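Residue strings, one per chain:
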Amino acid sequence: DAEITQSPRHKITETGRQVTLACHQTWNHNNMFWYRQDLGHGLRLIHYSYGVHDTNKGEVSDGYSVSRSNTEDLPLTLESAASSQTSVYFCASSESRQGEAFFGQGTRLTVV
Amino acid sequence: AQSVTQLDSHVSVSEGTPVLLRCNYSSSYSPSLFWYVQHPNKGLQLLLKYTSAATLVKGINGFEAEFKKSETSFHLTKPSAHMSDAAEYFCVVSDWEEDSWGKLQFGAGTQVVVTP
């Protein structure tokens, strides 16, 4: 079965370190998204991609970057981790503008 | 621009009684609307979606939602709550506006508690 997987599931890092969260989907979807989930805010969009070599900023993109070198992967990089980036991160993919998004299981990131 | 307001942050129901989760949305164009559920420490699962077909949408686990354009609402209901329905529920909108294409706008979530 097609799926979307995130790794690691849990990560503790120190302030100032660079961190990369992996997202891999086997749906062959063109659209991929990164969200962060914080209490009281629902999920907020960080970055998204509509295809290979395409990346776009979402509403909370400061301090994050993504790259899309193939269809399957959209890694999220925190250039210099900050305590404000402690959160649960979800990757998602979708096939079309009408289609629902399929979500990974999430990565819980703690910045100390 | 699109936005979503979930009118209740917490809902408590007794097992076997109806569940109503309220959602209002704002969208510049014809929206697609979704309800997702998140059980503790889990990812998000799609309950149902509206994409300009029938206004009454049936989803998994006995849930349904009605799209009311005049009221800009998309409330989620279930006739009889089960203990396994305890979770957080998100109302989500995506519209066809060029700079929102395919992007999901989430509500803040409604936490549902089911008591025996």
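Please refer to the structure higher up on the page.
Computed from a prediction, not measured in an experiment: that's the story for all the values here.

A separate point is the interface of chain A and chain B. Taken together, the contact pairs 24 residues of chain A with 25 residues of chain B. Summed over both partners, the interface of chain A with chain B comes to about 2,000 Å²; 53% of that surface belongs to carbon and sulfur atoms. A salt bridge links Lys 49 of chain B to Glu 100 of chain A; the shortest N-O distance between them is 2.8 Å. Seen at the junction of chain A and chain B, the total is four residue pairs in polar contact (both at pLDDT 80 or more). Where the side of chain A that touches chain B is concerned, the elements lending two or more residues are β4 (31-38) and β5 (42-51) of chain A. If one sorts the elements of the side of chain A that touches chain B by residue count, β5 of chain A sits on top with five residues.

Let's shift gears to the nonpolar core. Judged by nonpolar contacts, the single largest core of 26 residues is most densely connected at Leu 21, Trp 35, Leu 47, Leu 48, Phe 74, Leu 76 and Tyr 89 of chain B. A per-element tally of this core places strand β10 (residues 87-94) of chain B first, with four residues. Every residue in contact with Leu 76 of chain B, bar those within four places of it in the chain, is listed here: Val 19, Leu 20, Leu 21, Trp 35, Leu 47, Leu 48, Phe 63, Glu 64, Ala 65 and Tyr 89 of chain B. In terms of nonpolar packing, the next biggest core, distinct from the first, is built from 18 residues, Val 19, Leu 21, Ile 46 and Tyr 89 of chain A among them.

To continue, consider the packing of aromatic side chains. Under the counting rule described, the total for this entry stands at 16 aromatic pairs over all chains. Judged by centre distance (5.8 Å) and plane angle (25°), the rings of Tyr 25 of chain B and Phe 67 of chain B are stacked. Residue Tyr 25 of chain B is located in strand β4 (residues 23-26), and its partner Phe 67 of chain B is located in strand β8 (residues 64-68); the two are separated by 42 residues in the primary sequence. Look at Phe 67 of chain B and you get buried, because its relative accessible area is 8%. Counting every residue linked through ring pairs, the aromatic cluster contains Phe 33, Tyr 35, Tyr 48, Tyr 50 and Phe 103 of chain A together with Phe 34, Tyr 36, Phe 90 and Phe 106 of chain B.

Reading the values: rules and limits
Residues numbered from 1 in each chain as written. Chains lettered and ligands numbered in written order. Predicted model: local features only at pLDDT ≥ 70, side-chain atom pairs only at ≥ 80, totals over all residues. Heavy atoms only, no water. Contact = heavy atoms within 4.5 Å. Buried area = accessible area lost by both parts, 1.4 Å probe. Salt bridge = Lys/Arg side-chain N within 4 Å of Asp/Glu carboxyl O. Polar contact = N/O pair within 3.5 Å; in protein donor to acceptor, adjacent residues only side chain to side chain. Helix = DSSP H or I, 4+ residues; strand = E, 2+ residues; numbered from the N terminus. Core = buried A, V, L, I, M, F, W, Y, C linked by side-chain atoms within 4.5 Å. Buried < 20%, exposed > 50% of the residue type's maximum accessible area, 1.4 Å probe, protein only. Phe/Tyr/Trp six-rings, centres within 6.5 Å; stacked < 30°, edge-to-face > 60°.

Honestly, that's just the spatial picture; any functional story needs more than this.
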